[in-house]
Amino acid sequence: MLRQVRCWIFLLLGLSPWLLAGQLLAAQQVPSDLYPLQVEVVAESLEHPWSLVFLPEGDVLVSERPGRLRLLEEGRLNPEPVRGLPKIHPKGQGGLLDLALHPDFADNAWLYFSYVDRTQEGYTTRLARGRYQEGRLNQVEILFTALPRSSTGRHFGGRIVFDDKGLVYLSVGDRGEKERAQDTQDHAGSIIRLHDDGGIPEGNPFFGKDQEGQPEIFAWGTRNAQGMTLHPETREVWAQEHGPRGGDEVNLIQAGKNYGWPEATHGIAYWGGEITPHTEKPGMKSPLWHWTPSIAPSGMLFYTGELFPDWQGQLLVGALKDQLISRLEVRQQADAWQVEEVERFFQPVDQRIRALYQAADDSIWVLTDESNGQILRVTPAH
């Protein structure tokens, strides 16, 4: 309780709670079109950090892809991983992936996480939850397992988002086997929607229609969504999509919609050959924005804070390959959305960007996807 009170006092004074522990390790200034940015290192020596969540009393949980859950406590990274995770099976691009707090976490302590699981049949993406209490996970429950499994180490997806009704969304990649994304009897290449206990909502497109598709599927035809977020006003789910060589996408995710992969894409095969002659097809949703050439998009957020007022309502998307943040202007005109990239910045940091978060003090926190990964805190430079 004392920690929470101290954090709020610092926020009211316009200061960072992380100064309490003196843990801002280094800082540099980075330009952007509208603001000079101060970039401070909150923590480092993280092995391919993938996600973080801000706990109610001010601490932070961070996932490391090799299979560790770490606690940043009063600004200090605990050297011992949090105990209680199920067995994680790192493989290629997968391991321990996203983290999300239940909307009523303060009362029920449910922490949701996605990870890679392995059996004799192969690897797959799983969604689970456990109660985070006294520095460890208890009562871990497996809520969903994407099937069928496969031997590849690619395109696990894994992003988690809760909507305002308490329903949980999970992205599942096509596992590097592109034709699976058009098979609605296959979970690969889809967006999954579940009740918070893993039950299937009756409003899902294939609920009660087992011959048409898997009941957990909310939308399909997606390649490998590694960023999802809610629009701050409409409260709809938005997602980014890794294209192949070109054709990274931003999409508004809607029930029962087919997002086209691999039958419609702006991308080509990595070796330069054609995947499809179609950039759009009837009955398939076209992206609201695409990056061609690819930037390899990662985590994303709609910024709503006061520290960067000119960014309010805009979409910020991190990039792995291009090591930058893309700022997108988003406008709704009548029933149509207009999305346009207006800036690319953060290149001087020279690290792969895995995820972006808006903290309680409206600063932006950035995870870098490196073997010596960092948590960075971004504020306006004064």
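Calculation rules
- Residues numbered from 1 in each chain as written.
- Predicted model: local features only at pLDDT ≥ 70, side-chain atom pairs only at ≥ 80, totals over all residues.
- Heavy atoms only, no water.
- Helix = DSSP H or I, 4+ residues; strand = E, 2+ residues; numbered from the N terminus.
- Rg over C-alpha atoms; globule rule 2.2 N^0.38 Å.
- Buried < 20%, exposed > 50% of the residue type's maximum accessible area, 1.4 Å probe, protein only.
- Areas by Shrake-Rupley, 256 points an atom, 1.4 Å probe, with all protein chains shown as cover.
- Core = buried A, V, L, I, M, F, W, Y, C linked by side-chain atoms within 4.5 Å.
- Contact = heavy atoms within 4.5 Å.
- Phe/Tyr/Trp six-rings, centres within 6.5 Å; stacked < 30°, edge-to-face > 60°.
- Pairing = 2+ DSSP bridges.
- Salt bridge = Lys/Arg side-chain N within 4 Å of Asp/Glu carboxyl O.
- Axes fitted to C-alpha atoms, helices over the stretch in contact; angles between N-to-C directions.
- pLDDT = per-residue confidence, 0-100.

## Section: the overall build of the protein chain
Within the protein chain, the regular secondary structure consists of 2 helices and 25 strands. In summary, the protein chain has a C-alpha radius of gyration of 20 Å against a globular reference of 21 Å for 382 residues, a match within 12%. With the C-alpha coordinates aligned to their principal axes, the bounding extent of the protein chain is approximately 55 × 45 × 40 Å. Out of the 382 residues in the protein chain, the part that is buried amounts to 58%. When the accessible area of the protein chain is evaluated, it comes to approximately 15,800 Å², of which 46% is carbon and sulfur surface.

## Some points on unusual backbone geometry
A cis geometry characterises the amide bond from Leu147 onward to Pro148, with omega recorded as 0°. With respect to the helices, strands and loops of the structure, Pro148 is situated in the loop between β10 (136-145) and β11 (160-162). Here the bond from Trp261 into Pro262 is cis, since omega is 0°, no more than 30 degrees from zero. Relative to the helices and strands, Pro262 resides in the loop between β17 (248-252) and β18 (289-291).

## A closer look at the nonpolar core
Counting residues in hydrophobic clusters, the biggest one holds 20 residues, and the most contacted among them are Trp311, Phe346 and Val366. Going through the elements one at a time, β2 (37-46), β23 (353-358), β24 (364-368) and β25 (373-380) are the ones with two or more residues in this core. Residue contributions to this core peak at 3 residues, all from β2. Sequence-distant contacts of Phe346, that is, excluding residues within four places in its chain, are made with Val30, Val39, Gln323, Leu324, Ile325, Ile353, Val366, Leu376 and Val378. Ranked by size, the runner-up nonpolar core spans 17 residues in total, among them Trp110, Ala146, Leu194 and Trp220.

## Describing the packing of aromatic side chains
The final tally for this structure, using the stated rule, is 14 aromatic pairs. Both rings, one in Trp238 and one in Phe302, keep their centres 5.3 Å apart while their planes meet at 90°; by these two values the pair is edge-to-face. Of the two residues, Trp238 is situated in strand β16 (residues 237-241) and Phe302 in strand β19 (residues 297-302); the sequence distance between them amounts to 64 residues. The class for Phe302 is buried, based on a relative accessible area of 6%. Plain terms: the ring middles of Phe308 and Trp311 are 4.5 Å apart, the flat faces sit at 15° to each other, and that makes the pair stacked.

## Here we look at the sheet that holds strand β3 (residues 49-54)
Taken in spatial order, the 4 strands of this open sheet run β3-β4-β5-β6, and their pairing is antiparallel. Each edge of the sheet is formed by a strand with only one pairing partner; in this case those strands are β3 and β6 (76-77). Across 5 bridges, β3 lies against strand β4 (residues 60-64) in antiparallel orientation. In the strand pairing of β4, Phe54 is matched with Val60.

## Some points on the environment of Gly273
For Gly273, the position within the fold is in the loop between β17 and β18. For Gly273, a relative accessible area of 8% corresponds to the buried category.

## Brief notes about the pattern of salt bridges
One pass over the full model with this rule turns up 20 salt bridges. Across the pair Asp361 and Arg377 runs a salt bridge, and its minimum N-O distance is 2.8 Å. Taken together, the positions of Asp361 in the loop between β23 and β24 and Arg377 in strand β25 put the pair 16 residues apart, joining distant regions of the chain. Here Asp361 and Arg377 have matching classes, each one buried.

## Observations concerning the sheet that holds strand β21 (residues 325-333)
With antiparallel pairing, 4 strands are arranged side by side in an open sheet as β19-β20-β21-β22. What marks the edges here is a single partner per strand, and that holds for β19 and β22 (336-345). Across the sheet, the axes of successive neighbouring strands diverge by a mean angle of 25°, strand direction being ignored. Both strand β20 (residues 315-319) and β21 contribute to a ladder of 4 bridges, which runs antiparallel. What sits directly across from Val317, in β21, is Ser326.

## What about the environment of Leu230?
Take Leu230: it is sitting in strand β15 (residues 227-230). For Leu230 and Leu301, which are 71 residues apart along the polypeptide, the C-alpha to C-alpha distance reads 7.9 Å. Sequence-distant contacts of Leu230, defined by excluding residues within four places in its chain, comprise Val161, Phe162, Asp163, Asp164, Arg235, Glu236, Val237 and Phe302.

## Digging into the pairing of strand β8 (residues 110-119)
Taken across its 10 residues, β8 has 8 buried, putting it largely inside the fold. Examined bridge by bridge, strand β7 (residues 96-101) and β8 share 4 bridges and lie antiparallel to one another. If you follow Leu99 over to β8, its bridge partner there is Phe113. Relative to strand β9 (residues 122-133), β8 runs antiparallel, the two sharing 10 bridges. What sits directly across from Tyr112, in β9, is Arg129. Between β8 and the antiparallel strand that follows it, β9, lie 2 residues.

## Details of the confidence of the model for the protein chain
Of the residues in the protein chain, 93% have a pLDDT of 70 or more, and the chain-wide mean is 94. The element-level mean pLDDT for the protein chain is lowest in helix α1 (residues 2-12), coming to 46, with strand β13 (residues 190-194) highest at 99. Scored below 50 in pLDDT, residues 1-15 makes 21 contacts in the model with residues more than four places away or belonging to other chains. Of the regions scoring below 50 in pLDDT, residues 17-22 engages in 21 contacts with residues more than four places distant in sequence or in other chains.

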